[in-house]
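Remarks on the overall topology
Here are the chains, one letter per residue:
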Amino acid sequence: MLEWIRFWIAAIFLTAGLIFFVGAVIGNCRFRYIMNRVHAAGLGDTMGLFFVLLSLIISAEHLLEIGKLMMPLIFLWICSPVSSHFLAQIEYYTNRHFYDHMDRI
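1. What about the overall build of the protein chain?
When its secondary structure is counted, the protein chain shows 3 helices and 0 strands. When the helices and strands of the protein chain are read in sequence order from the N terminus, they spell out α-α-α. Computed over the C-alpha atoms, the radius of gyration of the protein chain is 18 Å, more than 25% above the 13 Å expected from 2.2 N^0.38 for a compact globule of 105 residues. Its C-alpha atoms put the protein chain at 60 × 25 × 25 Å along the principal axes. Relative to its 105 residues, the protein chain shows a buried fraction of 24%. Partitioning the contacts of the protein chain with sequence separation of at least 6, the portion at a separation of at least 24 is 67%. Averaged over its 7 positive side-chain charges, the protein chain has a centre that lies 10 Å from the centre of its 7 negative ones.

See the structure below:
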(Lines give C-alpha, C1' and ligand atoms only; values in the text may rest on other atoms or scores of the structure.)
Protein backbone atom coordinates (compact mmCIF):
# COMPACT_ATOMS: atom_id res chain seq x y z
CA MET A 1 0.00 0.00 0.00
CA LEU A 2 2.83 2.41 0.83
CA GLU A 3 4.42 1.73 -2.57
CA TRP A 4 1.23 2.75 -4.37
CA ILE A 5 0.95 5.98 -2.39
CA ARG A 6 4.57 6.80 -3.19
CA PHE A 7 3.97 5.94 -6.85
CA TRP A 8 0.96 8.26 -7.15
CA ILE A 9 2.67 11.14 -5.36
CA ALA A 10 5.68 10.77 -7.67
CA ALA A 11 3.35 10.60 -10.70
CA ILE A 12 1.58 13.81 -9.62
CA PHE A 13 4.90 15.66 -9.22
CA LEU A 14 6.15 14.32 -12.56
CA THR A 15 2.98 15.52 -14.27
CA ALA A 16 3.34 18.95 -12.65
CA GLY A 17 6.92 19.16 -13.89
CA LEU A 18 5.89 18.28 -17.42
CA ILE A 19 3.16 20.92 -17.30
CA PHE A 20 5.74 23.54 -16.34
CA PHE A 21 8.03 22.40 -19.17
CA VAL A 22 5.15 22.63 -21.67
CA GLY A 23 4.32 26.10 -20.34
CA ALA A 24 7.92 27.18 -20.88
CA VAL A 25 7.89 25.89 -24.45
CA ILE A 26 4.59 27.63 -25.21
CA GLY A 27 5.91 30.84 -23.62
CA ASN A 28 9.05 30.72 -25.76
CA CYS A 29 7.02 30.17 -28.91
CA ARG A 30 4.30 32.70 -28.17
CA PHE A 31 6.15 35.69 -26.76
CA ARG A 32 7.87 38.00 -29.20
CA TYR A 33 10.14 40.03 -26.97
CA ILE A 34 13.32 38.42 -25.67
CA MET A 35 12.84 39.49 -22.03
CA ASN A 36 9.46 37.75 -21.91
CA ARG A 37 11.02 34.64 -23.41
CA VAL A 38 13.83 34.63 -20.87
CA HIS A 39 11.32 34.97 -18.05
CA ALA A 40 9.12 32.13 -19.34
CA ALA A 41 12.08 29.85 -19.96
CA GLY A 42 13.73 30.59 -16.62
CA LEU A 43 10.65 29.99 -14.50
CA GLY A 44 9.37 27.03 -16.48
CA ASP A 45 12.76 25.35 -16.59
CA THR A 46 13.46 25.84 -12.89
CA MET A 47 10.07 24.70 -11.62
CA GLY A 48 9.77 21.87 -14.15
CA LEU A 49 13.17 20.53 -13.17
CA PHE A 50 12.32 20.84 -9.48
CA PHE A 51 9.13 18.80 -9.81
CA VAL A 52 10.67 16.13 -12.05
CA LEU A 53 13.64 15.62 -9.74
CA LEU A 54 11.34 15.70 -6.71
CA SER A 55 9.30 12.88 -8.23
CA LEU A 56 12.49 10.90 -8.80
CA ILE A 57 13.60 11.55 -5.22
CA ILE A 58 10.25 10.32 -3.91
CA SER A 59 10.49 7.17 -6.00
CA ALA A 60 14.12 6.49 -4.95
CA GLU A 61 14.66 3.71 -2.46
CA HIS A 62 18.21 4.24 -1.21
CA LEU A 63 19.73 7.25 0.50
CA LEU A 64 22.64 7.30 -1.95
CA GLU A 65 20.21 7.70 -4.88
CA ILE A 66 18.52 10.60 -3.12
CA GLY A 67 21.90 12.27 -2.55
CA LYS A 68 22.84 11.84 -6.20
CA LEU A 69 19.54 13.39 -7.29
CA MET A 70 19.94 16.33 -4.91
CA MET A 71 23.27 17.40 -6.42
CA PRO A 72 21.98 18.31 -9.92
CA LEU A 73 18.88 19.83 -8.35
CA ILE A 74 20.95 22.21 -6.21
CA PHE A 75 23.38 22.97 -9.04
CA LEU A 76 20.68 23.75 -11.59
CA TRP A 77 18.61 25.74 -9.12
CA ILE A 78 21.62 28.00 -8.65
CA CYS A 79 22.72 28.17 -12.30
CA SER A 80 19.38 28.60 -14.07
CA PRO A 81 18.37 31.94 -12.50
CA VAL A 82 21.92 33.25 -12.84
CA SER A 83 22.04 32.41 -16.55
CA SER A 84 18.59 33.97 -17.10
CA HIS A 85 19.73 37.13 -15.34
CA PHE A 86 22.92 37.19 -17.43
CA LEU A 87 20.91 36.88 -20.68
CA ALA A 88 18.62 39.70 -19.54
CA GLN A 89 21.63 41.91 -18.79
CA ILE A 90 23.09 41.22 -22.23
CA GLU A 91 19.78 42.27 -23.81
CA TYR A 92 19.61 45.39 -21.65
CA TYR A 93 23.12 46.57 -22.50
CA THR A 94 23.21 45.66 -26.20
CA ASN A 95 19.71 46.52 -27.46
CA ARG A 96 19.51 50.12 -28.61
CA HIS A 97 15.72 49.97 -28.87
CA PHE A 98 15.17 48.52 -25.40
CA TYR A 99 12.85 51.29 -24.23
CA ASP A 100 10.62 50.95 -27.30
CA HIS A 101 9.24 47.76 -25.75
CA MET A 102 8.44 49.33 -22.38
CA ASP A 103 5.07 50.71 -21.36
CA ARG A 104 5.30 54.27 -20.16
CA ILE A 105 2.79 55.73 -17.75
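2. Here's the deal with the nonpolar core
Counting 5 residues, the largest nonpolar core consists of Leu-49, Leu-53, Ile-57, Leu-69 and Leu-73. Where this core is concerned, the elements lending two or more residues are α2 (34-59) and α3 (63-94). Of all the elements, α2 adds the most residues to this core, at 3 residues. Setting aside its immediate chain neighbours within four residues, Leu-49 contacts Phe-21, Leu-73 and Leu-76.

3. Structural notes on the packing of aromatic side chains
When we look at a pair of aromatic rings, we describe it by the centre distance and by the angle of the planes. This model, assessed by the stated rule, comprises 7 aromatic pairs. Look at Trp-4 and Phe-7: their rings are 5.9 Å apart centre to centre, the planes differ by 85°, and that puts the pair in the edge-to-face class. Taken together, the residues Trp-4 and Phe-7, both in helix α1 (residues 2-30) and 3 residues apart, mark about one turn of the helix. By relative accessible area, Trp-4 is classed as exposed at 55%. For Phe-7, a relative accessible area of 46% gives the class partly exposed. Note on Phe-20 and Phe-51: the rings are 5.6 Å apart at their centroids and 25° apart in plane angle, and the pair reads as stacked. Of this pair, Phe-20 sits in helix α1 while Phe-51 sits in helix α2, and the two are 31 residues apart along the sequence.

4. Brief notes about the side chain of Ser-80
Structurally, Ser-80 is set in helix α3. Note on Ser-80: relative accessible area 10%, which makes it buried. Apart from residues no more than four positions distant in its own chain, Ser-80 is found in contact with Gly-42, Asp-45 and Thr-46.

5. Here's the deal with the pattern of salt bridges
Counted under the stated rule, the structure contains 1 salt bridge. Close ionic contact of Glu-3 with Arg-6 constitutes a salt bridge, the shortest N to O distance being 3.7 Å. On the criterion of helical spacing, the pair formed by Glu-3 and Arg-6 is a turn pair, its members being 3 residues apart in helix α1. Take Arg-6: its relative accessible area is 24%, and that puts it in the partly exposed class.

Basis of the calculations
- Residues numbered from 1 in each chain as written.
- Predicted model: local features only at pLDDT ≥ 70, side-chain atom pairs only at ≥ 80, totals over all residues.
- Heavy atoms only, no water.
- Helix = DSSP H or I, 4+ residues; strand = E, 2+ residues; numbered from the N terminus.
- Rg over C-alpha atoms; globule rule 2.2 N^0.38 Å.
- Buried < 20%, exposed > 50% of the residue type's maximum accessible area, 1.4 Å probe, protein only.
- Contact = heavy atoms within 4.5 Å.
- Lys, Arg positive; Asp, Glu negative; His and termini not counted.
- Charge placed at Lys NZ, Arg CZ, Asp CG, Glu CD.
- Core = buried A, V, L, I, M, F, W, Y, C linked by side-chain atoms within 4.5 Å.
- Phe/Tyr/Trp six-rings, centres within 6.5 Å; stacked < 30°, edge-to-face > 60°.
- Salt bridge = Lys/Arg side-chain N within 4 Å of Asp/Glu carboxyl O.

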